[in-house]
Amino acid sequence: MGIDRSASYAFYLYTCNRCATCFISFNGENINCPGYTYFGLFSHTGGGKLYLAQGVLDKRIKEDTAFGRIVYECMFCGACEAACPSGIEIIPVIKALREEAVERGVVPSKVESVLRKVSENGKNVARQAMLAYRQIQSLASPVDEAEVVVFWGCSAFSGERSALAALRFAQLLSDRRIRWAFLEKEGCCGALPEAMGASQLAHEKKEEHANLLNSLNPPRVVYFSPECYAQALFNQKIEKDVLFYVDYLMEIFDGNPLPGHKGPVSYHDPCALTRGAEVEEGLSSYLESVGVEVKHPQRTGKHTFCCGGGFGGGLVNRNFARAVTLARLEELAATGADTVITACPRCINTLSRHQKGRRFRDMKIMDIVEFFTGG
Amino acid sequence: MIRERIELTPKKQRRVRADLVSVLGEHRVHDESGVLVAYSGVNALFPRAMPHFVVRPLSTEEVVEIVRIASRHRIPLTPVSSGTQEPGTHPFFGGIVLDLRGMNRILEVDPERFYAVVEPGVTVGALARELAKHRLHLTVGSFPPSLSVLGNYLQVAVNSHRSSGINHDILALEVVLADGTVMRTGSKAFAERFPHVSWFCWTNSFPSLTELFINAQGTLGIVTKGAVKVYQVSEVHDTILTAFPSYRQSVEFMKDLARNNLVQHVCAWHWCLYTIIDHLEQYGHGASSEVVVYDPWETPDDRPYNIVVPTFSGYREQVEGVKAAIRRLIEKHGGRDYTEECREKYPGAHKFFYDHYVHHQPTNTFMGAYAEGYPVMPIVLCDPTTVADLEDWGLKFLRSSILKLGLAYYSHCVDMGRTIFLRMTPVISPDSSQRQIQRAARVRARYMETAMRKFGAVPIRPAPDGGQTLKQTGGFGQALIKIKKALDPQNIMNAGMSAGMYGSSMEEGGGD
Ligand SMILES: Cc1cc2nc3c(=O)[nH]c(=O)nc-3n(C[C@H](O)[C@H](O)[C@H](O)COP(=O)(O)OP(=O)(O)OC[C@H]3O[C@@H](n4cnc5c(N)ncnc54)[C@H](O)[C@@H]3O)c2cc1C
Ligand code: SF4
Ligand code: SF4
C-alpha cells in the first residue's frame, strides 16, 4: 500500500534524531549498514529511509526513477533496525517505500524481472547447479511416504556452492534413512516478493505456500534457507511444524555431530537467521556446543553484517554488492581462521563468488552441513 | 548577499553540478530528491528545507574547491558533521549540503602533547577507542558514540570534564573561509611558515580566533580539522553518587566541590530522568512513557529527588583523600552517599553514570528516550545564584504547558561553579499537529525569555529567530555582524542559519 500516514510506523518517522547508530554501530567505529558502506550517504541508511518516507508523505520526492533506485540500493538486511537505540522499526518502512516504488511503477528493471519470475513460478536452477539438483531429486522419497518435507527455497539452486551443500544435506538424510520429500513445484514462500515491495504477490505466495504444505501428509517442514524459514515462522496459515535445517541436523545427530575438525573456524551469521528468524545467538552456539573452537568476527548474531547478497541491493547494483561482500570477507579473514562456516544458500554463493582470484581464495567457505559431515 | 532561499534555473543547476562533479566525481555529488530529503533538517520545531545538492568531500582541498564553486555561483553551503537535532543543519536557503562524515581520519594522537587531531567525520566512539590504546580519554556527554567529535565540540559541549575550569575541548582549528582561505588557529597558525610547529598551544601572539568558530553553526567558515584536548587515564577514576532532597542543595554541593578542586566534573540528575535512563539501560530499546507521567516534584517512593554525580581521578592515595573530603561535604549539604543503593535499586542508571562520567565512554542509552517523542529541550547557562529558582519556576511553567511529556532535567556545574548548565528535557509527541508544534515552539521561546529576563540565564545553541536574540546583545552583536560581513560578504556560509542568527541587520550598514 506504500507509505501510509496511518500505519503504525508513521508515529516514529519523525522521532529519528539522526544519531547514526543504525549505520555506525555501537562503538561508533564500525559501519554496520551495507548501504552506507558503499554510498556513504544518510539517505541510504535506516534512519535515512525514515526521512525518505517523510518526503513521500510531504510530497517532496520528485524524480521517480531515482526514488525507485534508492529504495532498492539497500540490502534489506535489518542491521539498522537491530541497532537503533530508539527501537524504531525500520524494516516495515523500507518495505512500504518499496511498495511505493511498485505502485509508482518505478521499480528497477532487474527487480521487475525477478518478480515476474516469481509470479510465473519459474524454478530458478542455475546451469552449474543442475547436476546436484538432479541427484537431490533422485534421493527423495515419495511425498506420501515421507516424514518430512524439505523446502529448498529459490536460492538453493541459484549457484553451485549452495547446490553442493544442498546435495550434502540430502545425502545425509538418505544415509540416515530419513524419508524426506522433494517438492517438484515448490513455488515461492513469499519472502522475496515481500522484501521487494510486491505485497500483493507476496500475500498470494504466502497463501499458496501454506496451502501447499497443509495439503501434504508429512507433519514437519524443514527449511534449507533461513530466509524462507524466517518467513514461514511468521506465516500463521502454515499448520505444520516448521524447522530450520540446522536444528534438524542437531536432532539427527542427537546433538553430537562430528565436525570436520575442532577448529579454529570462523562463521558468517546470516541476517535472515539472526534477525529475520530471531535466532540471536546465531551459528556460534551450534559450533561451540559441539566443542569447536570459534573465532568470532567483529559483527555477529543480532548485529551480523550482510554477505552482499541481500534482497534488492545485490540485484540492482553489482559494485555495491561486491563492495559489501569484500568488506565482509575482509572481516572474516581478520579472525585468522581459514575456515568460515555459514548456513544460508544465498550467503555461501555470494561469499564464494567474490573469493575467487583474490587474496581470500585460500579461505574455505562451508555450509554447516558440510562441516558437520566431515568437511 | 544571499537574503532568501535561492532558486536555480535548470541551466544553472546543471552548471553548478558540472563544476561540483569536476572536483568530486559523479559518485560524490547528489541532486536526487530521494537523497536531498535526508538532509532537509531534523529539528521538529523548524521547517524542513531541501538543499539543491549534497556533496561528500574527503579533504580540505576539496572543501576549498567547493567553497570556491559556491562563492562563484552565490550558493549557500551548509556543513553537517553528524546532523543531530541542531537547526543549523537545516539548509533553510537551499544550496549545497556538505556531508563531512567521509572526512573521518584521526590524523594524530599525541600522548606527549596531550591532544588529538581529527577531521569532522571522526566519531566520538572511534576516537575513544583509539585514545584508549594510549591510556587516554576524551570528554563525552550523555550521547551516542556515533556523533562527530567536532560536531559536538563546536557547540557549547557540556561534557564529562567541565567543572574544573576546562570550558571546551578545542585546542585549535583548521577552517576554510568563504573566499577559500585556509586558516589555522593557535600555535598551528605559524605552521604556514614553520611546518614543524605543532598544535600544542591554544593561542599565539594575536587575539584568539578559535572561539570565534565555537557556536558559529557553520556561519563563519567550515572546520576541516580540529586539535582536541585529550586526558590521561589515571590510576583510579571514581565517584560517590550522592542523593539530595532538593535541587537547591544539589547546586550548593556542586559549587562547593568544584571550587575546592575536588572534582573534574559534577552533575545533577532529576529523579524522573534517571528513572527513565535506568529503565532504558535495563530493558533495552524503546522509550518508557509509563515512567514519565509522574508529578515532577513528588518522587513515587523513597528514590532521591536528585542524584549528583561527582567524578574525580588520580593516584590512589589522592583519590582516597578526595573521597574523605567529599563525604564531609555530603554531610554539610544534607545529602547521603547513594552509590551502593543506586547500584542495587537503579543498576541501569548506575551503569550510565559510570560509563559516561567516570569512564568517559559514550553509550546509546539516552537515545532510547527519544522514540516516544521529539526532544524540545530548552537549554541555558545560568547564574549560580538564581539557577535553583529557575528550576523551581521552570518545572511549574513547563508542567502547565504542552511540553509536559518527559519533563525532567539534568544540570552540570561548569567552570568551578561560575556557571550552571540546566537542560530541561520535555518532548512533544511526534503525531502533534502543526499547531501543536508551533505552540511547543512558543512555550520554549517563553521559557527562554523568562529564564533570561527574570533569572539572568543565557541561551545556548541558538534557535534561528531572525536575529532577535542577537539584537539584545548591543555592541557585541554589532561587532559580530561586522565580522560575519567581513569574512563572508555574500553570506555563503550557512546562509539560512546566518539570517536566523544575525537577522536583517546583517544586510545593513554594519550591524547597527
Ligand atoms: C541522546 C543525546 C544526548 C546528548 N547529550 C549531550 C550532552 O550531554 N552534552 C553535549 O554537549 N551534547 C549532547 N548531545 C549532543 C549534541 O546535541 C550534539 O553534539 C550537538 O547538538 C551538535 O550536533 P551534531 O554533533 O549533530 O553536529 P552537527 O549537527 O553536524 O552540527 C551542528 C552545527 O554545527 C555546524 N557544523 C557542523 N560541522 C561543521 C564544520 N565542520 N564546520 C563548521 N560548522 C559545522 C552545522 O552546520 C550545525 O549548524 C546529545 C545528543 C544526543 C542525541
Ligand atoms: S539509529 Fe534510529 S534514531 Fe538513530 S539515526 Fe538510525 S533510525 Fe534514527
Ligand atoms: S536494511 Fe541493511 S542496507 Fe538497508 S538501510 Fe538497513 S542496514 Fe542499511
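Definitions and limits used
- Residues numbered from 1 in each chain as written.
- Chains lettered and ligands numbered in written order.
- Predicted model: local features only at pLDDT ≥ 70, side-chain atom pairs only at ≥ 80, totals over all residues.
- Heavy atoms only, no water.
- Helix = DSSP H or I, 4+ residues; strand = E, 2+ residues; numbered from the N terminus.
- Domains from an automatic or database assignment.
- Contact = heavy atoms within 4.5 Å.
- Buried area = accessible area lost by both parts, 1.4 Å probe.
- Salt bridge = Lys/Arg side-chain N within 4 Å of Asp/Glu carboxyl O.
- Polar contact = N/O pair within 3.5 Å; in protein donor to acceptor, adjacent residues only side chain to side chain.
- Pairing = 2+ DSSP bridges.
- Axes fitted to C-alpha atoms, helices over the stretch in contact; angles between N-to-C directions.
- Buried < 20%, exposed > 50% of the residue type's maximum accessible area, 1.4 Å probe, protein only.
- Near = heavy atom within 4 Å.
- Nonpolar A, V, L, I, M, F, W, Y, C, P; charged D, E, K, R; others polar.
- Areas by Shrake-Rupley, 256 points an atom, 1.4 Å probe, with all protein chains shown as cover.
- Core = buried A, V, L, I, M, F, W, Y, C linked by side-chain atoms within 4.5 Å.

A. Structural view of unusual backbone geometry. With omega at 0 degrees, the peptide bond leading from glycine 263 of chain A into proline 264 of chain A counts as cis. Look at alanine 20 of chain A: it is not a glycine, yet its phi comes out positive at around 80 degrees. Although it is not a glycine, asparagine 494 of chain B adopts a positive phi angle of roughly 40 degrees. Here asparagine 494 of chain B is to be found in the loop between α14 (475–487) and α15 (495–502).

B. Here's a closer look at the domain arrangement of chain A. Residue and element names in this part refer to chain A. Splitting chain A by domain gives domain 1 (10–107), domain 2 (127–250) and domain 3 (259–372). Relative placement of domain 1 and domain 3: their C-alpha centres are 24 Å apart. Contacts between the two partners involve 21 residues from domain 1 and, on the opposite side, 23 residues from domain 3. Interface of domain 1 and domain 3: buried area, both sides summed, is about 1,600 Å²; carbon and sulfur atoms make up 68% of it. Together, Tyr38, Met75 and Ala82 form the three largest contributors to the area buried by domain 1 at its contact with domain 3, with a combined 37%. Between the two partners, domain 1 and domain 3, sit zero salt bridges. The interface formed by domain 1 and domain 3 holds six residue pairs in polar contact (both at pLDDT 80 or more) in total. Within the residue set of the side of domain 1 that touches domain 3, elements represented by two or more residues are α2 (34–39) and α5 (79–83). Considering each element in turn, the side of domain 1 that touches domain 3 owes the most residues, five residues, to α2.

C. Main features of the sheet that holds strand β6 (residues 115–118) of chain B. Residues and elements named next belong to chain B. Across the sheet, which stays open at both edges, the five strands sit in the order β5-β6-β10-β8-β9 with antiparallel pairing between neighbours. In the strand order of this sheet, the two ends are held by β5 (106–110) and β9 (182–184), each with one partner. Neighbouring strand axes in the sheet, compared pairwise and without regard to direction, differ in orientation by 10 degrees on average. Of the strand pairs in this sheet, strand β8 (residues 170–176) and strand β10 (residues 222–229) are connected by six bridges, and their pairing is antiparallel. Residue pairing in the sheet places glutamate 174 in a bridge with lysine 225 of β10.

D. Focus on the pattern of salt bridges. Residues and elements named next belong to chain B. Using the criterion set out here, one finds 47 salt bridges over all chains in the structure. Here glutamate 449 and arginine 453 are joined by a salt bridge, their closest N and O atoms 3.2 Å apart. With a gap of four residues between them, glutamate 449 and arginine 453 both fall in helix α12 (residues 434–453), about one helical turn apart. On the basis of relative accessible area, arginine 453 is assigned to the exposed category, the value being 59%. Shared partners join several salt bridges into a network, and the residues in it are Glu174, Arg184, Glu192 and Lys225.

E. Spotlight on the site of ligand 3. Residues and elements named next belong to chain A. Contacts to ligand 3 come from 15 residues, most closely from Cys33, Cys74, Met75, Cys77 and Cys80. Those elements that provide at least two residues to the shell around ligand 3 are α2, α3 (46–57) and α5. Within the shell around ligand 3, the residues separate by chemical class into nine nonpolar, five polar and one charged.

F. Region of the structure containing the site of ligand 1. Residue and element names in this part refer to chain B. Residues in contact with ligand 1 amount to 36 residues; listed here are only the nearest, Pro79, Ser81, Thr84, Glu86 and Gln217. Take valine 158: an N or O atom from its main chain is 2.8 Å from an oxygen atom of ligand 1. At 2.9 Å from a nitrogen atom of ligand 1 is found a main-chain nitrogen or oxygen belonging to valine 223. Considered on its own, ligand 1 offers 960 Å² of accessible surface; in the complex 99% of this is hidden by protein.

G. Fine view of the nonpolar core. Counting residues in hydrophobic clusters, the biggest one holds 215 residues, and the most contacted among them are Leu77, Trp269, Ile326, Leu390 and Tyr447 of chain B. With residues up to four places along the chain from it excluded, the contact list for leucine 77 of chain B reads Ile66, Val67, Ala70, Ile96, Leu98, Ile222, Ile492, Met493 and Asn494 of chain B. Core analysis: the second largest hydrophobic core is formed by 68 residues, Ala166, Trp180, Ala210 and Cys228 of chain A among them.

H. Structural detail: the interface of chain A and chain B. In this assembly, 45 residues from chain A lie in contact with 45 residues from chain B. In this assembly, chain A packs against chain B so that about 3,600 Å² is buried in total across both faces, 54% of it on carbon and sulfur atoms. When the buried area of chain A at its contact with chain B is split by residue, Asn17, Arg18 and Arg60 of chain A rank highest and sum to 20% of it. For the interface between chain A and chain B, the tally reads one salt bridge. One salt bridge connects glutamate 32 of chain B with arginine 69 of chain A, and the closest N-O pair in it is separated by 2.8 Å. With five residues, the single largest contributor to the side of chain A that touches chain B is α3 of chain A.

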